[in-house]
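# Results of the structural survey
Residues per chain, in single letters:
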Amino acid sequence: MRKSKFTIKKVIVGILIIGVFGCNSNQKENNSTKTYPDINIVGAMKNVMWKGELSETIKLDTISNKKGLYGLGPESYLTGELLINDGQSYVSKVTSDSTMTVEKTFDVSAPFLVYANVTEWDEIKLDSNIKSIQDIESLVDEKTTSFKRPFVFKLTGEISKAIIHIQNLPKGTKVSSPREAHQGQTNYELKDEEATIIGFFSKEHKGVFTHHDSNVHLHLITKDESKMGHLDEMEIENMKLYLPKK
């Protein structure tokens, strides 16, 4: 009789253990589906800024699926800005405090990069009160409460003005802080331009691919492809927002 009770206790304990591990397994599975399967994050902004990891973690020409490909990050050693817009890669570089070059090429690398593939979009016409980066961040958050995150989005249309920057770190510079990383950074003011803005949204990747005080990372390229860089400020004139179809 004692042996029988002992056996029953062992069975009950076994069932409880299976239940606990089963719950943990389900939790892990649920966590793994919180992001789109085609979102890719390589390297981290904080490692560049604080640890001085400036060398390449990815060569853009190794990304095999370029259909509907979007991405952004800095060029290795912080010598330029990178943007991938619908399968086309661009690198911008400082030539003076008022001029830059923008080249189409995948023959570049990055110390960190976020990229995704999207081929179908939902279009949203922006209300006239949506003007700034902060307005866009709030709107995107509001419109995507049921989305899996992070995700890419884009804007197209006219801006009244904007400020973009390009990293231009002097060769051989050692970096151990954001201040040091921004040595040589050059700002450019844009006015009355047609442009495309590629952005990535996340509330969980500060210091990875968004700055510590923002949930978005944005790069802008003008319609004539003569100007491109990291977007710091803007005033929207007339634009449309595109979110990936769920």
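The preceding data block contains the structure.
So, here is what we can say about the structure in this document. What you see is a predicted model; the values in this text were computed from it and never measured.

Analysis parameters
Residues numbered from 1 in each chain as written. Predicted model: local features only at pLDDT ≥ 70, side-chain atom pairs only at ≥ 80, totals over all residues. Heavy atoms only, no water. Helix = DSSP H or I, 4+ residues; strand = E, 2+ residues; numbered from the N terminus. Contact = heavy atoms within 4.5 Å. Areas by Shrake-Rupley, 256 points an atom, 1.4 Å probe, with all protein chains shown as cover. Polar contact = N/O pair within 3.5 Å; in protein donor to acceptor, adjacent residues only side chain to side chain. Pairing = 2+ DSSP bridges. Axes fitted to C-alpha atoms, helices over the stretch in contact; angles between N-to-C directions. Patch = residues over 30% accessible without salt bridge, like charges linked within 9 Å, V, L, I, M, F, W, Y side chains within 5 Å. Salt bridge = Lys/Arg side-chain N within 4 Å of Asp/Glu carboxyl O. Lys, Arg positive; Asp, Glu negative; His and termini not counted. Charge placed at Lys NZ, Arg CZ, Asp CG, Glu CD. Buried < 20%, exposed > 50% of the residue type's maximum accessible area, 1.4 Å probe, protein only. Core = buried A, V, L, I, M, F, W, Y, C linked by side-chain atoms within 4.5 Å.

## With respect to the overall build of the chain
Secondary structure assignment for the chain yields four helices and 13 strands. Taking the intrachain contacts of the chain between residues at least 6 apart in sequence as the baseline, contacts between residues at least 24 apart amount to 73%. Accessible surface, the chain as shown: approximately 13400 Å² in total, 49% of it carbon and sulfur.

## Comments concerning the environment of H165
Note that H165 resides in strand β10 (residues 151-166). Apart from residues lying up to four places away in sequence, H165 is in contact with E81, Q185, T186, N187, G229, H230 and D232. In terms of polar contacts, H165 uses its side chain to reach the side chain of D232, at 2.7 Å.

## A few points about the sheet that holds strand β6 (residues 100-104)
Spatially, β1-β8-β3-β4-β5-β6 is the arrangement adopted by the six strands of the open sheet, whose pairing is antiparallel. Every interior strand has two partners, whereas the edge strands, β1 (40-42) and β6, have only one. Taken over all neighbouring pairs, the strand axes of this sheet differ in orientation by 15° on average, direction set aside. With three bridges joining them, β1 and strand β8 (residues 113-117) adopt antiparallel strand pairing. Along β8, the bridge assignment pairs N40 with Y115.

## Some words on a negative patch on the surface
A cluster of acidic side chains, namely E158, D192, E235 and E237, defines a negative patch on the protein surface. Following the sequence through the fold, E158 ends up in strand β10.

## What to know about the side chain of S89
Looking at the element boundaries, S89 is found in strand β5 (residues 88-94). Assessed through its relative accessible area of 0%, S89 is described here as buried. Among the polar contacts listed, one links the side chain of S89 to the backbone oxygen of T105, at a separation of 2.7 Å. When sequence neighbours within four positions are dropped, the list of residues in contact with S89 reads L60, L83, I84, E103, K104, T105, F106 and V108.

## Points about unusual backbone geometry
In this structure, Y77 takes a positive phi of about 65° despite not being glycine. If you trace the backbone, Y77 turns up in the loop between β3 (69-74) and β4 (81-85). Of note, the phi angle at E225 is positive, near 60°, even though the residue is not glycine. Considering the arrangement of structural elements, one finds E225 in the loop between β12 (216-222) and β13 (228-244).

## Details of the nonpolar core
Counting 31 residues, the largest nonpolar core has L126, I136, F153, L231, M234 and L241 as the members making the most contacts within it. Tallying contributions element by element places β10 first for this core, with seven residues. Setting aside anything within four residues of it in sequence, one finds M234 in contact with K131, S132, I133, I136, I159, K161, A162 and I197. Counting residues in hydrophobic clusters, the runner-up holds 18 residues, among them A44, V114, A116 and V118.

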